[in-house]
Amino acid sequence: MTALALALGSYRTGGRARALAIAACTAVVTGLLLVAVSVVGYTAVDGVEQTMPDGSTVFIGYGGDVANLLWDRGVRPGYFFALLLICLVPLTLLQQVVRLGTAARERRLAALRLAGATPGEVRAIGAWEVGLPALAGGVLGLPVHLVLRTLFGADATLSWVGDRDVARELRLVPAAYPAWWQVLLVVLAVGLLGVLVGALASRKVVVSPLGVSRGARRTPPRGWLPGLLLAAGIFLAGPVYLPFFERGWAQLGLMLGITLLVLGVLTSGPWVAYRAGRALAGRTSSPALLLASRWLVMDARAAGRAAAAIGVIALVSGAAASLMADLLVNARSNGHGVEAMYSVPMALVYAVLLVALVVATFALVVHGVESLTDRRRSLASLAAEGVPLEVLERAVRWEVALAAVPISVLALVGAGAVGAVTLFGDPVVLLVDLALRAATLGLIWLALLASTRLVRPWLRRAVDPTNLRTT
Amino acid sequence: MNHLLELRGLHKSFARTEALRGVSLDVQPGEVVAVTGASGSGKSTLLHCAAGVLVPEAGSVTFAGQRLHELDESARTRLRRREIGLVLQFGQLVPELTAAQNAALPLLLDGTDRRTARTAALAWLERLGVAEVADQVPAELSGGESQRVAVARALVTGPRLVCADEPTGALDTVAGEVVLTALLAAVRDAHTSLLVVTHDNRVAARADREVVLRDGSVASGQPAVAS
Ligand SMILES: Nc1ncnc2c1ncn2[C@@H]1O[C@H](COP(=O)(O)OP(=O)(O)OP(=O)(O)O)[C@@H](O)[C@H]1O
Ligand SMILES: [Mg+2]
């Protein structure tokens, strides 16, 4: 009970921004999960099998006044899966915002230990500090779901007359509410997730009454786990899925494969960042690049994790470019345009990617702010020794660029290799495909620039000479 | 053999430095012991071992018959919050809590109900002359005031021992004098033992006994113990 009360106490000051950001992220996650649950509960019949007089069966499809993603029994599981993937966007931001105010929080926890809180109690406080706002966010997810339903709501079984138009393809959210116990389950699960994230956030931190020592993170990130995940993902999405793509089990395999690919990219972030830092640290003579690469060699994990979100965006964008190329090849060969049934989901994918990039930019900003606060002492002493601010600013930019660009290029190229087969026949489509990939990289670069521009005030604060005296 | 605190042959080293090399020290109930010595001689390390915050690599720390160094972190913490008050150089109050809440914290952590804890905390703040800042947060307090709040927090559970590491080190002479007088009066009154690390000769002069450390060993002050 005391842990709970003390966790509540932390929201009075510095903890407030963190709590609000946690609640916002988890509210969006909850809203998306509720949509996903209602998609599972959507059981309108999209057609029947009929036996013909000659014994063969044909499928008689009914029309429905909802998006094909929802209406088509065969596509619905994929749509559900996509909704779960979209949850990764607010979740990657959540991973960064729990780091907000780390220095102040650690000081508070050390003071609590001094006053007689046991290590277990301090861990409980850390867990509640994330768990409570996450639970609040879970409850706030209900209005988020309502908003999504108002914007994209679809009645259950209106029979369809008329064209497959854009408006219909946007009716993506079932009108029916999930059952009360499903809502309760989702809200509690999100709250529990918060508790877990809060407990894990302080896992490596030893809070003694005399202060905080971070667990020595001397071991560099290793590459075998992401490598294994990526290999398994490619295997499931390629050699297993492609020959059997009409079977139900193959589709499940594909989803598992995509999940593994995404996890592989997410976990390889720190490793790629570390390798990039290693590769440059011994070779560069630019002070900014040297600083940035040394930061990554010393601790690539934080930057790597923030950059991994960008890598996933590149991966999805690369896959989307391949799909676009495929659609274009078909459209050009049969002379019709791309149908709304396909173009609307594609447009939605790109819209989600753009939002995800903005969110990832903020994740990078949070990372920048936290790592600048962490390094304020060494930054202040560098500035005091006469290193110009521009060099430090370039170092900050290089750190995220070294972490984010290699993984993004790899993801874009990797995702392109799958679709490359369809491109060779058609130079126009090949050009479109390359343009989409290049545009993705350009936008990612812009996001990196924006994030370092946004942390500039914190850099100025970090080089303040008074930081030379703080511990 | 009825020492309150019994330190025997303490060894403690950090990375490359050997901070304590076989220190032995006893503190009697109600005794005020000042620990002095040059910077880096191991005073803080000794105090942290005595309070059960650090565990020595060799030697024993016996407090009221309990072998502190054999307890695990949680058990030591629970014992410490009831029986041993700790005051460090900069107060180290929880920045989000008011002075009264900070002083009441050890009681709250021990399961005392909020109202009783607050009453006890306010009584101590009153005695130490900082009752009027009870509802302010540490950022709004002067150094001397936060140090007195830290003393209140150390005394609120009625501990048998208070360990203080340069409690006046960060204060000017006048403020230091106020804090010191308040601390000494409080421990003398409650018959609490005090182990205080200090650079200040006037503190040492007001103690029952002065122990001088040099390079991690006791140079003088500990009467030879018949073992
Ligand atoms: N956490 C630590 N890590 C590494 N070395 C330490 C640590 N704590 C203390 N030391 C070293 O142990 C030795 C004794 O330190 P200690 O803090 O006990 O000295 P002190 O007598 O309190 O000095 P001061 O009067 O300056 O506070 C010093 O050489 C110090 O550098
Ligand atoms: Mg000291």
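Sequence positions are assigned chain by chain, starting from 1 and proceeding in written order. Both sets of labels track the order of writing: A upward for chains, 1 upward for ligands. Residue-level local features of this predicted model are given only where pLDDT is at least 70; pairs of side-chain atoms are given and counted only at 80 or more, and the full residue set underlies all totals for whole chains, interfaces and linings. Calculation of side-chain values draws on the structure's entire complement of heavy atoms; hydrogens and water are dropped beforehand.

1. Quick notes on the overall build of chain A
Heads up, the rule is: Comment: elements are numbered from the N terminus, with helices defined as DSSP H or I runs of at least four residues and strands as E runs of at least two. Relative accessibility under 20% of the residue-type maximum defines a buried residue, over 50% an exposed one, and the middle range a partly exposed one, all with a 1.4 Å probe and only protein chains included. Accessible areas in this description were obtained via Shrake-Rupley with a 1.4 Å probe; residue shielding takes into account the shown protein chains only. Positive residues here are Lys and Arg, negative ones are Asp and Glu, while His and the chain termini are left out of the count. Where a charge sits is defined by one atom per residue type, namely NZ (Lys), CZ (Arg), CG (Asp) or CD (Glu).
Within chain A one finds 18 helices and six strands. Once the C-alpha set of chain A is aligned to its principal axes, its extents read approximately 90 × 55 × 35 Å. Counting over 471 residues, chain A shows a buried share of 46%. When the accessible surface of chain A is split by element, carbon and sulfur atoms take 70% of a total near 22900 Å². Charged side chains in chain A number 40 positive and 25 negative. The centres of these two groups are separated by 16 Å.

2. With respect to the overall build of chain B
Formally: When we talk radius of gyration, it's over C-alpha atoms, and the globule rule is simply 2.2 Å times the number of residues to the 0.38. Should any heavy atoms of two residues lie within 4.5 Å, those residues are considered in contact.
Each helix and strand counted, chain B has seven helices and 10 strands in total. Against the compact-globule benchmark of 17 Å for 227 residues, chain B has a radius of gyration of 17 Å, which places it among compact chains. Taken along the three principal axes of its C-alpha coordinates, chain B extends 50 × 35 × 35 Å. Relative to its 227 residues, chain B shows a buried fraction of 54%. The contacts of chain B with a sequence gap of at least 6 include a subset with a gap of at least 24, amounting to 69%.

3. Comments concerning the pattern of salt bridges
Basically, it comes down to this: Any Lys or Arg side-chain nitrogen located within 4 Å of an Asp or Glu carboxyl oxygen qualifies as a salt bridge.
This model, assessed by the stated rule, comprises 21 salt bridges over all chains. One salt bridge in this structure joins Arg81 of chain B and Glu121 of chain A, with 3.0 Å as the shortest N-O distance. Placement of Arg81 of chain B in helix H2 (residues 73–83) and of Glu121 of chain A in helix H7 (residues 119–152) is noted, with the two residues assigned to different chains. Judged by relative accessible area, Arg81 of chain B falls into the buried class, the value being 6%.

4. Examining the interface of chain A and chain B
Going by this rule: Values labelled buried area give the accessible surface lost by two parts on being combined, using a 1.4 Å probe and summing over both. What qualifies as a polar contact is a pair of N or O atoms within 3.5 Å, subject to a donor-acceptor requirement within protein and to the restriction that residues adjacent in sequence count only when both atoms come from side chains.
The partner chain B presents 26 residues to the 19 residues of chain A that form the contact. Across the chain A to chain B interface the summed buried area is about 1900 Å²; carbon plus sulfur atoms make up 65%. At the junction of chain A and chain B, the tally comes to two salt bridges. Between chain A and chain B we count six residue pairs in polar contact (both at pLDDT 80 or more) in total. Those elements that place two or more of their residues in the side of chain A that touches chain B are helix H1 (2–10), helix H6 (102–114) and H7 of chain A. At five residues, H6 of chain A tops the list of elements feeding residues into the side of chain A that touches chain B.

5. Some points on the site of ligand 1
Residue and element names in this part refer to chain B. Worth spelling out the cut-off: The nearness test applies per residue and asks whether one of its heavy atoms lies within 4 Å of the molecule or strand.
Taken together, 13 residues form the shell around ligand 1, and within it Ser39, Gly40, Lys43, Ser44 and Thr45 come nearest. In the model, an oxygen atom of ligand 1 is placed 2.7 Å from a nitrogen or oxygen of the Lys43 side chain. Contact between ligand 1 and His199: an oxygen atom at 3.3 Å from a side-chain N or O atom of the residue. Protein contacts shield 59% of the accessible area of ligand 1, which totals 630 Å² for the unbound molecule. Counting only elements with at least two residues in the shell around ligand 1, the list comes to strand S2 (17–27) and helix H1 (43–50).

6. Concerning the packing of helix H5 (residues 88–97) of chain A against helix H13 (residues 301–334) of chain A
All names here are of chain A. Applicable threshold: The angle between two axes is taken between their N-to-C directions and runs from 0 to 180 degrees, where each axis is a line fitted to C-alpha atoms and a helix contributes only its stretch in contact. Between 65 and 115 degrees an angle is taken as roughly perpendicular, under 35 as roughly parallel, over 145 as roughly antiparallel, and anywhere else as oblique. Whether a crossing is left-handed or right-handed is set by the direction in which the near helix is turned from the far one by less than a right angle, anticlockwise for left-handed and clockwise for right-handed. The residue classification treats Ala, Val, Leu, Ile, Met, Phe, Trp, Tyr, Cys and Pro as nonpolar and Asp, Glu, Lys and Arg as charged. All others, Gly included, are polar.
Running from N to C, H5 and H13 cross one another at 160°; their axes reach a closest spacing of 10 Å. Here H5 is positioned roughly antiparallel relative to H13, judged by the angle of their axes. H13 is crossed by H5, and the crossing has left-handed handedness. Side by side, H5 and H13 meet where Thr92, Gln95 and Gln96 of the first sit next to Ala302, Arg305, Ala306 and Ala309 of the second. For the contact of H5 with H13, the per-class residue count stands at three nonpolar, three polar and one charged.

7. Brief notes about the packing of helix H5 (residues 143–155) of chain B against helix H6 (residues 173–190) of chain B
Residues and elements named next belong to chain B. Packing of H5 against H6 brings their axes to within 9 Å, and their N-to-C directions diverge by 15°. One way to sum up the angle between H5 and H6 is to call them roughly parallel. The interaxial crossing formed by H5 with H6 has right-handed handedness. Across the interface between the two elements, Gly144, Gln147, Arg148, Val151 and Leu155 from H5 touch Ala175, Val178, Val179, Leu183, Ala186 and Val187 from H6. For the contact of H5 with H6, the residue count by class is eight nonpolar, two polar and one charged.

8. A look at the domain arrangement of chain A
Residue and element names in this part refer to chain A. Note the threshold: For the purposes of this description, domain bounds are those given by an automatic or database domain assignment.
Splitting chain A by domain gives domain 1 (1–45 + 61–213) and domain 2 (218–471). Relative to domain 2, the C-alpha centre of domain 1 lies at a distance of 23 Å. Together, the buried faces of domain 1 and domain 2 total about 2100 Å²; carbon and sulfur atoms form 76% of this surface. The largest share of the area that domain 1 buries against domain 2 comes from Phe81, Gln96 and Arg99, three residues that together contribute 27% of it.

9. Concerning the environment of Gly216 of chain B
Residue and element names in this part refer to chain B. By the secondary structure assignment, Gly216 is in the loop between strand S9 (209–214) and strand S10 (217–220). In the structure, Gly216 is positioned 193 residues away from Val23 in sequence and 7.1 Å away in space, judged by C-alpha atoms. Excluding its chain neighbours within four sequence positions, the residues that come into contact with Gly216 are Ala19, Leu20, Arg21, Gly22, Val23 and Ser41.

10. Digging into the packing of aromatic side chains
Centre distance and the angle of the planes are the two values used to describe a pair of aromatic rings. Threshold: Ring pairs shown here join Phe, Tyr and Trp side chains whose ring centres sit within 6.5 Å, with only the six-membered ring taken for Trp; geometry is labelled stacked below 30 degrees between planes, edge-to-face above 60, and tilted in between. The criterion is that NZ of a Lys, or CZ of an Arg, lies within 6 Å of the ring centre and within 35 degrees of the ring normal, and then a charge sits over that ring.
Inspection of every chain in the model, using the stated rule, returns zero aromatic pairs over all chains. Arg375 of chain A extends its terminal NZ or CZ atom over the ring of Trp295 of chain A, reaching a point 4.2 Å from the ring centre.

11. Looking at the sheet that holds strand S6 (residues 84–87) of chain B
All names here are of chain B. Our working definition: Strand pairing is assigned whenever DSSP identifies at least 2 bridges connecting the two strands.
Read from one edge to the other, the open sheet built from six strands follows the order S6-S7-S8-S3-S9-S10, with strand pairing classed as mixed. The open sheet has two edge strands with one neighbour each: S6 and S10. Within this sheet the neighbouring strands show an average axis-to-axis angle of 25°, counted without direction. When strand S3 (residues 32–37) meets strand S8 (residues 193–197), the two strands line up parallel, connected through four bridges. Pairing of Val32 across the sheet is with Leu194, part of S8. Sitting on the sheet, H2 touches S6 and strand S7 (161–165), and the angle it makes with S6 is about 85°.

12. Some details on the side chain of Thr284 of chain A
Residue and element names in this part refer to chain A. Note that Thr284 resides in the loop between helix H11 (248–281) and helix H12 (287–298). Within the structure, Thr284 has its side chain in polar contact with the backbone nitrogen of Ser286 (distance 3.0 Å). Leaving out residues up to four positions away in the same chain, Thr284 has contacts with Leu289, Leu290 and Ser293.

13. Describing the confidence of the model for chain B
What counts here: Per-residue confidence from the predictor is reported as pLDDT, which spans 0 to 100.
With 96% of its residues at a pLDDT of at least 70, chain B reaches an overall mean of 88. Of the two predicted TM-score estimates for the complex, the pTM is 0.83 and the ipTM is 0.85.

14. Some words on the nonpolar core
We apply this condition: Residues belong to a common nonpolar core when they are buried Ala, Val, Leu, Ile, Met, Phe, Trp, Tyr or Cys residues joined through side-chain atoms within 4.5 Å.
One finds Ile22, Val97, Ile310 and Leu315 of chain A to be the most contacted residues of the largest nonpolar core, which totals 51 residues. Taken together, domain 1 (1–45 + 61–213) and domain 2 (218–471) of chain A each give at least three residues to this core, which thus spans both. Those residues in contact with Val97 of chain A that sit more than four places away from it in its chain are Arg18, Ala21, Ile22, Cys25 and Val366 of chain A. The next biggest cluster of nonpolar side chains, apart from the first, holds 41 residues, and it includes Val87, Ala154, Val162 and Leu180 of chain B.

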